Structures are given as C-alpha cells and as structure tokens.
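Secondary and tertiary structure notes
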Amino acid sequence: MSPALSAPFFEIGPKNLLRRTQLEELAVAAGRAGRAHGIAVVFTVPTAMIAPIVALDSGVLVFAQGMDAEPLGPSMNRVTAEALEDAGAAGVMLNHDADPLDDDALEHALRRSDEVGLATIVCAGTDAEARRFAGQHPSAVLFEPPSLIGAEGTGARDWIGPSTRAIHETGPGVLAVHAGGVSTPDVALRIMTAGADATGSTSGILSSADPAVAAAEFIRAARAGWDAARAG
C-alpha cells in the first residue's frame, strides 16, 4: 500500500510549461491558498524542479511527473525512486496520458515507490482502468477521460459518484480524483460536490491572466465543493 494522501486535495500539474521563477510563484500562491482553505495541494513538477520547489517550504506536496522503476545501479539518465526521495518529493504521478505505462511497468513502479515511501497517483482514462488500478493500492487514482484533457468540461459528470464508490470498494483507503476539463473554479466545485476526494487543473489555471490568483480561486472552490458534499 502506497503512503496515504489526505482528502480533500487539489492537484496542479504544470507539465513543462513554466520556468523556475514562474513555478515558484505558483507554488507559493497555491500553498498559501491551501492553508487558508484547509485543503492539501499537490504540485506535480519536472524532476529538475523538485528540489528547488521543495526548498521554498511553501506548503505544497511536491510530486514528480514520473520515474524509472529500475533500482540503484550503473545506469545513466534514469530517475530512480531513491533520487526522487532524496530530492524531497512527497510522491510521484504514474501512467499519465502523456506518459503511459503498461501493466507490468506500472506494477513495478508502484512497488519501487512503496519501497522508499513515495505516495502515488495513478492516472486512468476509463472507469474500468480506474477500478483496476485501485486494486493495486496506490495512494490515489486520477480518473481523467482523455477527451476532457485540455477541454472545457462543463457538462454533467454522472460517473463521479459511482466511480468514486467503486474505487473505494476495490482499494480501501485509495482516494478518487476526478479531473479533465477543469476549466473554471465552478467545474472544480461541481466535481467535488459530486463526491470526488480531489480534483485538479492545469490549463484552467495557466491560461488565466494571473495563474497565482486563479490557483487560489480553484482551490477555494474545491474546498467549497467538498464541504457542500458533506453538508447536512
């Protein structure tokens, strides 16, 4: 079982879209908003940026965008689980749509992450994958339909409740993250109100005029949705 994440949380994954100073500004703003609203913020950054962002002590949980599953050894240009731990990463995202893994590679990566104590978020593109990956006991499963990635996903997401329950049943303790097309804070609010443990946004934040301000608005909305789902 991978180390646990706490619900609710909000994930921001800037891919390779930002330089260091921009990442630092966003991390500080997101960490401040997370503290203000009582919601954990996962900040998924390129490997070379892990240590600098961790050093800010901004309050975000710094995750790697991926890793190589091989052990320490004479290899070159490989990112091991130990290297991520030593850089200060809290966890790693695996099987993103832009960096897919086959089943054997994913299982190996989860095992290596567990060995050094890294939390894991495993991405799934279908409900069936989300249920199956939950059975491998990562910290969280991120169900993100590929058709919604980078889109304005303002339509109904009737699958959130059933999918979340299935993930919890298949992998007790595994959190259910629902994202893709989280283009506005209102979308984040509705996802969380529908029962998700977490959500996240990249394009919705980075395409705004002021990403730091936008991040705070998304994080506030996610917390409001979490609270609304539990009201009464």
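Scroll up a little and you will see the structure.
Below is a short write-up of the structure. (Residues numbered from 1 in each chain as written. Predicted model: local features only at pLDDT ≥ 70, side-chain atom pairs only at ≥ 80, totals over all residues. Heavy atoms only, no water.)

**Things to note about the layout of surface pockets**
Heads up, the condition is: Method remark: on a 1 Å grid restricted to protein atoms, a set of points is classed as a cavity if a 1.4 Å probe fits but cannot get out and as a pocket if it is open with protein on both sides within 12 Å along at least five of seven lines; lining residues have an atom within 4 Å of a point. Grid points are joined across faces, edges and corners, and a volume is the space filled by probe spheres set on the points. By definition, any uninterrupted DSSP run of H or I lasting at least four residues is a helix, any uninterrupted run of E lasting at least two residues is a strand, and each is numbered from the N terminus. Under the grouping applied here, Gly and all other residues not named as nonpolar or charged are polar, the nonpolar ones being Ala, Val, Leu, Ile, Met, Phe, Trp, Tyr, Cys and Pro and the charged ones Asp, Glu, Lys and Arg.
Size it by volume and the second largest pocket reaches roughly 180 Å³. N95, D97, C123, G125 and E129 are, among the 16 residues lining the second largest pocket, the residues nearest its centre. Elements with a contribution of two residues or more to the lining of the second largest pocket: strand 5 (119-124) and helix 5 (127-134). A total of three residues in the lining of the second largest pocket trace back to one element, the largest contributor, which is helix 5. Per-class residue counts for the lining of the second largest pocket are eight nonpolar, three polar and five charged.

**A closer look at the pattern of salt bridges**
Under the convention used in this document: In what follows, salt bridge is the name for a side-chain nitrogen of Lys or Arg lying within 4 Å of a carboxyl oxygen of Asp or Glu.
By the definition in use, this model includes eight salt bridges. Measuring nitrogen to oxygen at the nearest pair gives 2.9 Å for the salt bridge that ties R132 to D103. A residue pair is termed long-range when its members are at least 10 positions apart, and R132 in helix 5 and D103 in helix 4 (residues 103-116) qualify at 29 residues. Taken together, the salt bridges that share partners define one network made up of E82, R112 and E115.

**Describing the pairing of strand 5**
Rules: A 1.4 Å probe rolled over the protein chains alone gives each residue an accessible area, and that area as a share of the maximum for its type sets the label: buried under 20%, exposed over 50%, partly exposed in between. When the strands point away from the viewer and the connection leading from the first strand across the helix to the second strand turns clockwise, the crossover is called right-handed. Strand pairing is assigned whenever DSSP identifies at least 2 bridges connecting the two strands.
Of all the six residues making up strand 5, six are buried; the element is thus mostly covered by neighbouring parts of the structure. Of the two faces of strand 5, the one lined by A119, I121 and C123 and the one lined by T120, V122 and A124 are each fully buried. In the classification by handedness, the crossover that spans strand 4 (residues 91-94), the intervening helix 4 and the parallel strand 5 is right-handed. Pairing between strand 5 and strand 6 (residues 140-143): four bridges, direction parallel. Considered in strand 6, the bridge of C123 is made with L142. Each parallel crossover has a hand, and the one from strand 5 via helix 5 to strand 6 is right-handed.

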